[in-house]
Amino acid sequence: MCGIMGYVGDRPISKDVILDGLKALEYRGYDSAGIAIINQGKFWTEKRAGKLEVLVSKIDPKAPQRGTALGHTRWATHGGVTDENAHPHFDCQRRIAVIHNGIIENYSEIKAELLAEGHKFRSETDTEVLAHLFEKLYMGNLEEAVRTGLKRLKGAYAIGVISIDSPDEIVVAKTASPLVIGLGKEENFLASGIPALLPHTKQMIFLRDQEMAVIRKDSIKICDFCGKELEQKPELIQWDPITTQKMGFKHFMLKEINEQPLAVANTLQGCIDLNAGGVRLEGIKFNKKQLENLKNITMIACGTAYHAAWTAKYLWQRHLNLPIGVEVASEFRYSSPYLSKETLVIAISQSGETADTLAGVKLAKDRGAPVLAITNSPGSAISREADQTFYTQAGPEIGVASTKCFLAQLTALGLFELYLGQHRGTLDAKTIREKCQTLLTLPTALEKVLALDSKIQEIAGQFYTKRDFLFFGRDILCPIAFEGALKLKEISYIHAEAYAAGEMKHGPIALVDENMPVVFLVTKNSVYEKIFSNMEEIKARKGIIIAITDEVNSDIERVSNHIIELPKTDPLLTPMLFSVPVQLLAYHIGVLRGTDVDQPRNLAKSVTVE
Ligand code: AGP
């Protein structure tokens, strides 16, 4: 949601720095964009509803190029998608400009007060109150005005503020929403996410909650909201800027699907030591007693990350001898969960910023439960809040639909299962060694599945005009069926539903007729006969069966209209391999329907509000 970009320094083209940064933040999801530059003692600004291209097309070629600058991509919460509601917002005298990601919950109360005092508002946003509030409090020092103003605010915010009275500084502050400062040479940057900063620097400071900073070209002062100066060491971010490019692929989503073998290999790297016979997770420091005393595990996550957690539950319950709970984070936080210091809470989040998952982490910590985060985002809020973090190594994921991060999460969860089994003594050394060896074969196995792309594209071509889809799976493939339906919905806007195949007769089968494509995920496991019967039942009702399976036999051939045949593999890898065809099916259907595959409508990559 909303993207923030800021620049202070002497480059002759700060406008381009901002626009390129906003481009790199498009993945966050947005519906309008804007920019403001301080130039020759006044603000130059342009704001437009629509995509970044609309903004760029409206920028006068003679517009100022240099000066301290802010840019913003807006994902509307308060007020419609209009030019006027786009950020930056200004005070009455147009001396202060503000950009904001988050929600000011008590904005209407502050706005009423400011209106009564004569302030004139131009937009319907919650953000505009900030510009007027800082205007009211400004006594010649922008930092002080912002600090005093922050005391009035309730809600979530990352803000950037500039003033023509102090043209060489940007004042920033953060509570809940992400804000990263990029350190340059005689220039500095700010952004909502790492990808926007990578072309300029790998040295970054992740502002923590309740911190603000004054950024000048040659200094960064970080303080708390009371003005106490704080020490924050920059972190070196190892991501390669090239990974934020499409590199010849038509879409980021397709590139990221194809990067999955690499994402998995990088996530496994350094975690398996076959000589020592097991898993070694650097940086995870649970002590043996803590692990032995565990009474249960609760995993929390949203969307695709939730499907990763749910998959792990199937695997872990077989080997770990512990009750495993999996909760959608937005429900968990309001469900009075049972938590104690013997409950291990595992929060899974690609972005590390999802508001509900973050709130779940805070709740767990308040109740004394140890929290492990699994995330792909260094410096993210969830990793800071959790007691320990395992970083997946998928590199930046730009497509809104999570693909390679899902595979990396499944890999991380596979590793963590072995880690727990090893330390709690529920898995013997031989089993751990064998499973480690199997995990190491995953990248190669994924390559083989990716080679099925043209077959999947051909099937997509036959079904992309359908209105509905059903996805059925059982056991370990049930969460993958749900992931397949989620991918198809978000990318193609086709109505897709997933069910545990055993639930079919309890309602969904009423939807089946000769127009309904039904995707079955089938492997030869303990429920093979059961799911095969479900296929027969769909066939009897003339449903169109697309079987994704590693078990092709005459029965499957007889009932299926189409078969995507996967290589046979160790059951440990089954969920990972079956994820790829459902991603590709969604991708190709989306492309054929002409949707905005990388930035589907209404969606945001990081859901930083409830
Ligand atoms: C995935 O394709 C979705 N766009 C979405 O469900 C996502 O997985 C969810 O919002 C959770 O995000 P997170 O992993 O960053 O917490």
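Higher on the page you've got the structure.
As the structure is a prediction and not an experimental result, all values here were calculated from the model.

Description of the site of the ligand
Here is step 1 of the chain: Lining the immediate surroundings of the ligand are 14 residues, of which Ser-349, Gln-350, Ser-351, Thr-354 and Glu-490 lie closest.
Here is step 2 of the chain: At 3.1 Å from an oxygen atom of the ligand is found a main-chain nitrogen or oxygen belonging to Thr-304.
Here is step 3 of the chain: Measuring from an oxygen atom of the ligand, one finds a side-chain N or O atom of Lys-487 at 3.0 Å.
Here is step 4 of the chain: In isolation the ligand exposes 410 Å². Once the protein is present, 91% of that is buried.
Here is step 5 of the chain: Residue assignment for the shell around the ligand shows that the elements contributing at least two residues are helix H10 (303–319) and helix H18 (478–492).
Here is step 6 of the chain: Classifying every residue of the shell around the ligand gives 5 nonpolar, 7 polar and 2 charged.

Examining the packing of helix H8 (residues 260–268) against helix H16 (residues 442–450)
Here is step 1 of the chain: As a packed pair, H8 and H16 sit with axes 8 Å apart at the nearest point and diverge in direction by 170 degrees. When the interaxial angle is binned, H8 and H16 end up roughly antiparallel. On the side of H8, the interface is formed by Gln-260, Pro-261, Val-264, Ala-265 and Leu-268, while H16 contributes Leu-442, Pro-443, Leu-446, Glu-447 and Leu-450.
Here is step 2 of the chain: Considered class by class, the residues forming the contact of H8 with H16 number 8 nonpolar, 1 polar and 1 charged.

Some remarks on the pattern of salt bridges
Between side chains of opposite charge, a pair can form as their charged atoms come close.
Here is step 1 of the chain: Applying the stated rule across the entire model yields 37 salt bridges.
Here is step 2 of the chain: One connected set of salt bridges, linked through shared partners, spans Glu-109, Glu-113, Glu-117, Lys-136 and Arg-152.

Quick look at the state of the cysteines
Here is step 1 of the chain: Applying the stated rule across the entire model yields 0 disulfides.
Here is step 2 of the chain: Not part of a disulfide, Cys-2 finds its nearest cysteine sulfur in Cys-302, a span of 18 Å.
Here is step 3 of the chain: For Cys-2, a relative accessible area of 7% corresponds to the buried category.
Here is step 4 of the chain: Its sulfur unpaired, Cys-271 is 9.8 Å from the next cysteine sulfur, which belongs to Cys-436.

Notes on the packing of helix H17 (residues 453–463) against helix H21 (residues 574–593)
Here is step 1 of the chain: At a minimum axis distance of 9 Å, the contact between H17 and H21 shows a crossing angle of 50 degrees. Comparing the axis directions of H17 and H21 gives the class oblique. In this structure, H17 crosses over H21, and the sense of that crossing is right-handed. Of H21, the residues touching H17 (which contributes Asp-453, Ile-456, Gln-457, Ile-459, Ala-460 and Gly-461) are Pro-581, Leu-584, Leu-585, His-588, Ile-589 and Leu-592.
Here is step 2 of the chain: In terms of residue class, the contact of H17 with H21 is built from 8 nonpolar, 3 polar and 1 charged.

Describing the packing of aromatic side chains
Here is step 1 of the chain: Overall, the coordinates contain 11 aromatic pairs when judged by the stated rule.
Here is step 2 of the chain: Measuring from ring centre to ring centre gives 6.4 Å for Phe-463 and Phe-469, while their planes differ by 75 degrees; the resulting arrangement is edge-to-face.
Here is step 3 of the chain: On the basis of relative accessible area, Phe-463 is assigned to the buried category, the value being 5%.
Here is step 4 of the chain: A cation over an aromatic ring shows up here: Arg-94 above the ring of Phe-90, its NZ or CZ 4.4 Å from the ring centre.
Here is step 5 of the chain: Looking at Arg-601, its charged tip hangs above the ring of Tyr-493, at a distance of 3.8 Å from the centre.

A word on a nonpolar patch on the surface
Here is step 1 of the chain: A cluster of nonpolar side chains, namely Ile-242, Met-247 and Phe-249, defines an oily patch on the protein surface of about 270 Å² accessible area.
Here is step 2 of the chain: On the basis of relative accessible area, Phe-249 is assigned to the partly exposed category, the value being 31%.

Section: the pairing of strand E26 (residues 562–565)
Here is step 1 of the chain: As paired elements, strand E25 (residues 544–549) and E26 share 4 bridges and run parallel to each other. Bridged to Thr-549 within E26 is Glu-565.
Here is step 2 of the chain: Assessed by its sense of winding, the connection that carries the chain from E25 through helix H20 (residues 554–559) to E26 is right-handed.

As for the pairing of strand E9 (residues 180–183)
Here is step 1 of the chain: Bridge count between E9 and strand E10 (residues 187–191): 4 bridges; the pairing is antiparallel. Looking at the pairing, Leu-183 lines up with Asn-188 of E10.
Here is step 2 of the chain: Where E9 folds back on E10, the antiparallel hairpin that results is connected by 3 residues, among which Glu-186 adopts a positive phi of roughly 60 degrees.
Here is step 3 of the chain: Of the pairings in the sheet, the one linking E9 to strand E11 (residues 203–206) comprises 3 bridges and is antiparallel in character. Within E11, the position partnered with Gly-182 by the bridge is Met-204.

Regarding the nonpolar core
Here is step 1 of the chain: With 91 residues, the main nonpolar core has Met-299, Trp-316, Ile-346, Phe-416, Phe-469 and Phe-471 as its most contacted residues.
Here is step 2 of the chain: Phe-416 has contacts with Leu-281, Ile-284, Phe-286, Trp-316, Leu-344, Ile-346 and Leu-372, leaving out every residue within four places of it along the chain.

Section: unusual backbone geometry
Here is step 1 of the chain: In this structure, Pro-88 follows His-87 across a cis peptide bond, with omega equal to 0 degrees.
Here is step 2 of the chain: When you line up the elements, Pro-88 lands in the loop between strand E4 (69–74) and strand E5 (89–90).
Here is step 3 of the chain: The phi torsion at Gln-210 lies on the positive side, around 65 degrees, for a residue other than glycine.
Here is step 4 of the chain: Secondary-structure assignment places Gln-210 in the loop between E11 and strand E12 (211–216).

Quick word on the sheet that holds E9
Here is step 1 of the chain: In space, the 8 strands of this open sheet follow the order E3-E2-E4-E1-E10-E9-E11-E14, with antiparallel pairing throughout. Of all strands in the sheet, those bounded by a partner on one side alone are strand E3 (42–49) and strand E14 (235–236).
Here is step 2 of the chain: Here strand E2 (residues 32–39) runs beside E4; their pairing, made up of 6 bridges, is antiparallel. Looking at E4, one finds that Ile-35 is bridged to Gly-71.
Here is step 3 of the chain: Contacting strand E1 (3–9), E2, E3, E4 and E10, helix H1 (residues 14–24) crosses the sheet at an angle of about 155 degrees to E1.

What counts, and where the lines are drawn
Residues numbered from 1 in each chain as written. Predicted model: local features only at pLDDT ≥ 70, side-chain atom pairs only at ≥ 80, totals over all residues. Heavy atoms only, no water. Near = heavy atom within 4 Å. Polar contact = N/O pair within 3.5 Å; in protein donor to acceptor, adjacent residues only side chain to side chain. Areas by Shrake-Rupley, 256 points an atom, 1.4 Å probe, with all protein chains shown as cover. Helix = DSSP H or I, 4+ residues; strand = E, 2+ residues; numbered from the N terminus. Nonpolar A, V, L, I, M, F, W, Y, C, P; charged D, E, K, R; others polar. Axes fitted to C-alpha atoms, helices over the stretch in contact; angles between N-to-C directions. Parallel < 35°, antiparallel > 145°, perpendicular 65-115°, else oblique. Contact = heavy atoms within 4.5 Å. Salt bridge = Lys/Arg side-chain N within 4 Å of Asp/Glu carboxyl O. Disulfide = S-S within 2.5 Å. Buried < 20%, exposed > 50% of the residue type's maximum accessible area, 1.4 Å probe, protein only. Left-handed = near helix turned anticlockwise from the far one by under 90°. Phe/Tyr/Trp six-rings, centres within 6.5 Å; stacked < 30°, edge-to-face > 60°. Lys NZ or Arg CZ within 6 Å of the ring centre and 35° of its normal. Patch = residues over 30% accessible without salt bridge, like charges linked within 9 Å, V, L, I, M, F, W, Y side chains within 5 Å. Pairing = 2+ DSSP bridges. Right-handed = clockwise from strand over helix to strand, strands pointing away. Core = buried A, V, L, I, M, F, W, Y, C linked by side-chain atoms within 4.5 Å.

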